[in-house]
Amino acid sequence: MLRMQLYLAAAPCYLPEARRWGLPIAYAAYRIDSGGRLSALPLPAVPPGGLLLISGTDCPAPPQPEALARDILRECLHRQYTGVVLEPVLPRPAVAALSVLCRRYGCTLHLPERSGTDADACVVVSTALSGGTLRRRLEEVCRRFAPRPVTLDLACVRADFTLPAPYGDGRMLTAQQLTPLRAQRPVFFSPELCARYFTYEQEGMTHLVLFDDADTLRRKIGLGTELGIAAGMLSLPEAAEALPGLLGKK
């Protein structure tokens, strides 16, 4: 039985699928516009709870950081979200203003690792690795940010690396691209990366493919739980194929 509190991040077009799984939803319907204000995609009425998720690339300094923080807090109160997940890195004044309002109104704030030192908030750390060991990585993060809580970004990775890959930059694969590549090839499990892998040759080059499934995600959740990490986040559509095996539902 999974003991970590899991959230399922989904854009509005994936909400019907997300609701099937019975997990709290992180609503990936929000961005910060060019004027430094909160922008939202159309959303249907949502039940109380869940998280407001702001996606997008790192943002320049908003002209009015307090106004942006009020935009976000107002939307949380309107839709009764319990917290905010900030994927892009924001300048410190904006993070500080948002942190103050979240704390005042009892909303949990989840910040990307690069912003983890900017406010008293949960730190979101990806479980995707191409080298080293996941255990050592998570242990180091927990020590560095203690006593702040850590939230796992349970990235469902499918990546094709042309070896050698000194910078760890692989080509992302869809589920449809992965299936024929792994057909009739032996697949192995890496306990260091907590991921499955196989190799193949193409045009004289050796390729390494790393990927996750329900079992590797379960192992990552178990490792996080062992280290005292209480929350994790999955995303649609990336995790769609793993969810039935992970949650034990059809």
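1. Let's talk about the confidence of the model for the protein chain
Next, step 1: Residues of the protein chain with pLDDT of at least 70 account for 97%, and the chain-wide mean is 92.
Next, step 2: Taking the mean pLDDT of every element in the protein chain, the minimum, 89, falls on strand β10 (residues 171-172) and the maximum, 98, on strand β4 (residues 51-54).

2. Some points on helix α5 (residues 175-182)
Next, step 1: Of the positions making up α5, those classed as buried are Ala-175, Leu-178 and Leu-181. Buried residues of α5, viewed axially, fall in a sector of 125°; they line one side. Opposite the buried face of α5, by more than 90 degrees, sit the exposed residues Gln-176 and Pro-180.
Next, step 2: Along its buried surface, α5 packs onto β9 (158-162), β12 (195-202) and β13 (205-211).
Next, step 3: Gln-184 lies just past α5 and shows a positive phi near 60°.

3. Topic: empty space enclosed by the protein
Next, step 1: Summed over the entire model, instances satisfying the criterion amount to one cavity of 30 Å³ or more.
Next, step 2: Looking at the largest cavity, its volume works out to about 50 Å³.

4. Re the sheet that holds β13
Next, step 1: The strand order across the open sheet built from five strands is β10-β9-β13-β12-β11, with neighbouring strands paired in antiparallel fashion. Strand pairing shows two members of the sheet lacking a second neighbour, β10 and β11 (188-190), which therefore form its edges.
Next, step 2: Helix-sheet contacts for α5 involve β9, β10, β12 and β13, and the interaxial angle to β12 is about 70°.

5. Here we look at the pairing of β13
Next, step 1: Most of β13 sits out of view: five of its seven residues are buried.
Next, step 2: With five bridges connecting them, β9 and β13 associate as antiparallel partners. Along β13, the bridge assignment pairs Arg-158 with Phe-211.
Next, step 3: In the sheet, β12 pairs with β13 via seven bridges, with the strands oriented antiparallel. In the sheet register, Thr-199 faces β13, and the bridge partner there is Leu-208.
Next, step 4: The turn linking β12 back onto β13 is made up of two residues, and Glu-203 within it adopts a positive phi angle of 50°.

6. A look at helix α6 (residues 214-226)
Next, step 1: For α6, with 13 residues, the first-to-last C-alpha span of 18 Å sits near the 18 Å given by 1.5 Å per residue.
Next, step 2: Those residues of α6 not exposed but buried are Ala-214, Thr-216, Leu-217, Lys-220, Ile-221, Leu-223 and Gly-224.
Next, step 3: Two to three positions downstream of the cap, the backbone nitrogen of Asp-215 sits 3.1 Å from a side-chain oxygen, assigning the N-cap of α6 to Asp-213.

7. Some details on the pattern of salt bridges
Next, step 1: Under the counting rule described, the total for this entry stands at 14 salt bridges.
Next, step 2: With a closest N to O distance of 3.3 Å, Asp-71 and Arg-74 form a salt bridge. Taken together, the positions of Asp-71 and Arg-74, both in helix α2 (residues 65-79) and three residues apart, correspond to about one turn of that helix.
Next, step 3: Overall, the relative accessible area of 10% leaves Asp-71 in the buried class.
Next, step 4: One salt bridge in this structure joins Asp-213 and Arg-196, with 2.7 Å as the shortest N-O distance. Taken as a pair, Asp-213 in the loop between β13 and α6 and Arg-196 in strand β12 lie far apart in primary sequence, 17 residues in all.
Next, step 5: Here Arg-196 falls in the buried class, since its relative accessible area comes to 18%.
Next, step 6: Where salt bridges share partners, they join Glu-113, Arg-137, Glu-140 and Arg-144 into one cluster.

Calculation notes
- Residues numbered from 1 in each chain as written.
- Predicted model: local features only at pLDDT ≥ 70, side-chain atom pairs only at ≥ 80, totals over all residues.
- Heavy atoms only, no water.
- pLDDT = per-residue confidence, 0-100.
- Helix = DSSP H or I, 4+ residues; strand = E, 2+ residues; numbered from the N terminus.
- Buried < 20%, exposed > 50% of the residue type's maximum accessible area, 1.4 Å probe, protein only.
- Arc of directions from axis to C-beta.
- Contact = heavy atoms within 4.5 Å.
- 1 Å grid on protein atoms, 1.4 Å probe; cavity = no way out; pocket = protein on both sides within 12 Å on 5 of 7 lines; lining within 4 Å.
- Points joined across faces, edges and corners; volume = space filled by probe spheres on them.
- Pairing = 2+ DSSP bridges.
- Axes fitted to C-alpha atoms, helices over the stretch in contact; angles between N-to-C directions.
- Expected span 1.5 Å × (residues − 1).
- Polar contact = N/O pair within 3.5 Å; in protein donor to acceptor, adjacent residues only side chain to side chain.
- Salt bridge = Lys/Arg side-chain N within 4 Å of Asp/Glu carboxyl O.

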